[in-house]
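# Examining the three-dimensional arrangement
Here are the chains, one letter per residue:
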Amino acid sequence: MILVGAALALSLALGWAPRRLATAMHPATAVRTLVPAGLAAALTTGFALSDVALTALAHDGEVAELGHWAPAALPSATALPWQAGLPVAFAVLALLTAAAVHTLRAGHQLWLADTWCRRLGPDDGQPVVLADIEPRAFAVAGLRGRVVVTTAMVAALSTAERAALLAHERAHLRHRHHLWIQLAEVSAVANPALRRVPGVVRLMAERWADEDAALSTGDRRTTAEAIGHAALARTGPRRPTSAALAATGGDVPHRVQALLRAPRHRWSAPAAAAVALVTVSVLGLACATARSTEPVLETARSALASTR
Ligand SMILES: [Zn+2]
C-alpha cells in the first residue's frame, strides 16, 4: 500500500503540471528527466497495483489452489477482501494490453518511416527537397532518418532562415526525439495520470531542437524568425506524428519567445535532481516490495506442503 501511494504520488506530481516543471529546466534536461520519470511512474504504478491485486486474490481458495499456497498462512491485516482484487487486476490487464498495442503500433509507424527514408534514395547527408506547393519541413524517423523540405518552404525562407530550419530538423534526428516521444506516449497509455506528459515532451523536443539550431547558427533571432516564418507559411491541418517531426510543431509562439530572450535555466539542475531523486526512491521502494512479497508466498507454499 505504501508503494501504491508513492507510485501514484509520483504519477500525479508529473501529470499535474508537467509543463511548469519542464519549462524550469533546459529543454534537453527536461526530456531526459521527464521521460525516464514517466516510465518509472508507469512501471511502478502497474507493479504496485498488480501486487495489491495478487495479495487480495491470494486469499481466495481457487487462486490459492492455482498458486499452491495456504490462504490461512498469508498475512490478512494489510490485504483487501479478495473480491476487491478482481477490478484492480482487470484494470492492470487492460492498461498493460493498451500499452502493448500502442508499442506495436509505434514500432510499425517507425518501420514505415524507415522504409520511406530508404525509398528517398541514397543518404548523402543532405536534406531531401520535394517539389510541392505546400510549405513543409520535417524530420522522418528511421535508422538514420532523413530531413525533408518542400520547394515551397525553401522559397518562403531566407538563406539564413533555411540554415536554421535545417539545423533544427537535424537536431531532431541526432537526438532521436521520435523515440523519446514514443516512450512518453507509451507511459501515458499505461498510466492515464501521465496523459499531459507526451504533449510537454513533444514541446520540449521542439525547444531542444530550437536551442541546438540557435547554437549551430550562432543567431537566436534568425532561428526564431525561421520558426515563425515557417509556421506562418505552413497552411492546412497539422497532424503531428512521432515518426515525422515538423519544424512547426508544438506551441510556436512559446518557442519563438523562448528563442528571443536570453537562455535562463537557473533551476534546471535542482529541478532535474529533485525529480530523479523521487523517481529513484519510488523504484527502490518497488524493488523492496518485490523482495518482501516473494518470501510471504514461499512461506504460504511451505505451510500448504506441510499439511499434505
Ligand atoms: Zn521540430
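Below you will find a few notes about this structure. (Residues numbered from 1 in each chain as written. Predicted model: local features only at pLDDT ≥ 70, side-chain atom pairs only at ≥ 80, totals over all residues. Heavy atoms only, no water.)

What follows deals with the overall build of the protein. The secondary structure content of the protein amounts to 12 helices and four strands. A globule of 308 residues ought to have a C-alpha radius of gyration of about 19 Å, yet the protein, at 24 Å, is considerably larger. Projected onto the principal axes, the alpha-carbon positions of the protein cover approximately 85 × 45 × 30 Å. Within the protein, the proportion of its 308 residues that are buried is 44%. Restricting the contact set of the protein to residue pairs at least 6 apart, pairs at least 24 apart contribute 75%. (Helix = DSSP H or I, 4+ residues; strand = E, 2+ residues; numbered from the N terminus. Rg over C-alpha atoms; globule rule 2.2 N^0.38 Å. Buried < 20%, exposed > 50% of the residue type's maximum accessible area, 1.4 Å probe, protein only. Contact = heavy atoms within 4.5 Å.)

Turning to the pairing of strand 3 (residues 146–150), a few remarks are in order. Among the five residues that make up strand 3, five are buried, leaving the element largely enclosed by the rest of the structure. Residues Arg146, Val148 and Thr150 of strand 3 are buried on one face, and the alternating residues Val147 and Val149, pointing to the opposite face, are buried as well. Relative to strand 3, strand 1 (residues 128–130) is paired through three bridges, and the arrangement is parallel. Residue pairing across strands places valine 128 opposite valine 148, the latter belonging to strand 3. (Pairing = 2+ DSSP bridges.)

As a further point, take the nonpolar core. Here is a general trend for soluble globular proteins: nonpolar side chains tend to be buried in one another's company. Residues Leu14, Leu194, Val201 and Met204 are the most contacted members of the largest nonpolar core, which totals 29 residues. Elements represented by at least two residues in this core include exactly helix 1 (2–16), helix 3 (27–57), helix 8 (177–190), helix 9 (197–217) and helix 12 (268–307). Looking at this core, the element that brings in the most residues is helix 3, giving eight residues. (Core = buried A, V, L, I, M, F, W, Y, C linked by side-chain atoms within 4.5 Å.)

As for its position among the elements, serine 11 is in helix 1. Only 2.8 Å separates the side chain of serine 11 from the backbone oxygen of alanine 7, close enough to count as a polar contact. Beyond its immediate chain neighbours, meaning those up to four positions away, serine 11 contacts Ala41, Thr45, Asn191, Ala193 and Leu194. (Polar contact = N/O pair within 3.5 Å; in protein donor to acceptor, adjacent residues only side chain to side chain.)

Packing of helix 1 against helix 3 leaves a shortest axis separation of 8 Å and a crossing angle of 150 degrees. Crossing geometry of helix 1 relative to helix 3 is assigned as left-handed. Two secondary-structure elements touch here, helix 1 through Leu3, Val4, Ala7, Leu8, Leu10, Ser11 and Leu14 and helix 3 through Leu34, Ala37, Gly38, Ala41, Thr44, Thr45, Phe47, Ala48, Leu49 and Val52. For the contact of helix 1 with helix 3, the class distribution of residues is 13 nonpolar, four polar and no charged. (Axes fitted to C-alpha atoms, helices over the stretch in contact; angles between N-to-C directions. Left-handed = near helix turned anticlockwise from the far one by under 90°. Nonpolar A, V, L, I, M, F, W, Y, C, P; charged D, E, K, R; others polar.)

Using the criterion set out here, one finds one aromatic pair in the structure. Note on tryptophan 116 and phenylalanine 138: the rings are 6.4 Å apart at their centroids and 20 degrees apart in plane angle, and the pair reads as stacked. In this pair, tryptophan 116 sits in helix 5 (residues 82–119) while phenylalanine 138 sits in strand 2 (residues 137–140), placing the two residues 22 residues apart along the sequence. (Phe/Tyr/Trp six-rings, centres within 6.5 Å; stacked < 30°, edge-to-face > 60°.)

The next thing to look at is a nonpolar patch on the surface. On the surface, Trp82, Leu86, Phe90 and Leu93 cluster together to form a nonpolar patch covering roughly 400 Å² of accessible area. Along the chain, the position of phenylalanine 90 falls in helix 5. (Patch = residues over 30% accessible without salt bridge, like charges linked within 9 Å, V, L, I, M, F, W, Y side chains within 5 Å. Areas by Shrake-Rupley, 256 points an atom, 1.4 Å probe, with all protein chains shown as cover. Salt bridge = Lys/Arg side-chain N within 4 Å of Asp/Glu carboxyl O.)

Let us look at the pairing of strand 2. Side chains Ala137 and Ala139 project from strand 2 onto one buried face, and the interleaved Phe138 and Val140 project onto a second face that is buried too. As paired elements, strand 2 and strand 3 share four bridges and run antiparallel to each other. Residue pairing in the sheet places valine 140 in a bridge with arginine 146 of strand 3. Counted between consecutive antiparallel strands, the loop separating strand 2 from strand 3 contains five residues, among which glycine 145 sits at a positive phi close to 80 degrees.

Among the secondary structure elements, threonine 103 is positioned in helix 5. Using a relative accessible area of 42% as the deciding quantity, one classes threonine 103 as partly exposed. Considering only alpha carbons, one finds threonine 103 and histidine 175, 72 residues apart in sequence, at a separation of 20 Å. Among the polar contacts listed, one links the side chain of threonine 103 to the backbone oxygen of alanine 99, at a separation of 2.7 Å.

Moving on, we come to the pattern of salt bridges. Scanning the model with the defined rule gives 11 salt bridges in all. Measuring nitrogen to oxygen at the nearest pair gives 3.2 Å for the salt bridge that ties glutamate 185 to arginine 202. Remark: arginine 202 occurs in helix 9 and glutamate 185 occurs in helix 8; sequence separation between them is 17 residues. Residue glutamate 185 is classed as buried on the basis of its relative accessible area of 17%. Given a relative accessible area of 15%, arginine 202 falls into the buried group. Between arginine 207 and glutamate 211 there is a salt bridge, and its shortest N-O distance comes to 2.9 Å.

Fair warning: the whole summary comes from geometry, so function is off the table for now.
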